[in-house]
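Report on the structure
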Amino acid sequence: MNGETRLWLIRHAPVDGPRGVIHAPDAPADLGDAAAFAALRARLPAGGFAVCSPARRTSETAARLGLAAIEDDAFREQDFGDWTGRRHSELEAELGAAYGAFWRAPATNRPPGGESFADQIERARAGLARLPAGDVVLVVHSGTIRAMLAIALELAPELALRFVIDPLSLTRIDRLQGAWRVVAVNQR
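Reading the values: the criteria
- Residues numbered from 1 in each chain as written.
- Predicted model: local features only at pLDDT ≥ 70, side-chain atom pairs only at ≥ 80, totals over all residues.
- Heavy atoms only, no water.
- Pairing = 2+ DSSP bridges.
- Helix = DSSP H or I, 4+ residues; strand = E, 2+ residues; numbered from the N terminus.
- Contact = heavy atoms within 4.5 Å.
- Axes fitted to C-alpha atoms, helices over the stretch in contact; angles between N-to-C directions.
- Buried < 20%, exposed > 50% of the residue type's maximum accessible area, 1.4 Å probe, protein only.
- Salt bridge = Lys/Arg side-chain N within 4 Å of Asp/Glu carboxyl O.

**Topic: the sheet that holds strand 2 (residues 49-52)**
If you walk across this open sheet you meet the six strands as 3-2-4-1-5-6, and the pairing is mixed. Taken across any chain shown, the strands that pair with only one partner, and hence form the sheet edges, are strand 3 (70-71) and strand 6 (179-187). As judged from the six bridges shared by strand 1 (residues 5-11) and strand 5 (residues 170-176), these two strands associate in the antiparallel manner. Paired with Leu-9 across the bridge in strand 5 is Thr-171. Contacts from helix 2 (residues 56-64) reach strand 2, strand 3 and strand 4 (134-140), with the element oriented near 130° to strand 4.

**Side note on the environment of Arg-188**
With respect to the helices and strands, the residue Arg-188 is situated in the segment after strand 6. For Arg-188, a relative accessible area of 60% translates into the label exposed. Distance from Arg-188 to Pro-167, taken between C-alpha atoms, is 8.8 Å for residues 21 residues apart in sequence. The contact partners of Arg-188, leaving out residues within four places of it in the chain, are Asp-33, Ala-36, Arg-43, Asp-166, Pro-167, Leu-168 and Ser-169.

**Looking at the pattern of salt bridges**
A complete count under the given rule lists 13 salt bridges for this structure. Salt-bridge contacts for Arg-130 lead to Asp-72; the nearest nitrogen and oxygen are separated by 2.9 Å. Of this pair, Arg-130 sits in helix 5 (residues 117-130) while Asp-72 sits in the loop between strand 3 and helix 3 (88-95), and the two are 58 residues apart along the sequence. According to the relative accessible area criterion, Asp-72 is buried, its value standing at 15%. In this structure, Asp-73 engages Arg-76 in a salt bridge whose closest nitrogen and oxygen atoms are separated by 3.1 Å. The exposure class of Asp-73 is partly exposed, given its relative accessible area of 42%. Residue Arg-76 is classed as partly exposed on the basis of its relative accessible area of 24%.

Laid out in structure tokens, this is it:
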């Protein structure tokens, strides 16, 4: 890798749908907060390389920000497998202790048919390796941003899950020659 890569990590707009659901990739974004979009757009670099996950909410958020983002599967949210589209309350009622056990070690446990957060970190690591030098704007998910922070800070997966990443927030990290720099996390 030659040259510094300045990563502008944006969590997508809130999902336009019910709360308490593990949303599928086709869940739409709530694009109604014009002031938040304008403020975020004003902070982004002109002419940066733009990437989003293949989820509808990230591509809609990128478009609302005026970005012509390419989709990259490496930056999708953690795959919750059979739990996708389900309410947390329903899963807890149905699975009882097994559901609780998952959340006691969510960094390494895999939902049925899904992946762990540790798996997501490795997927994000592969995606980061392909990004060019310069300014790169990624419109992605809270889990993806936590995964990138785990990589940059060399954190154990369970520690990276402690970060709060709000919708339409900006996190800035830089990939340097052989090192990382964290500039800001979860700015609104």
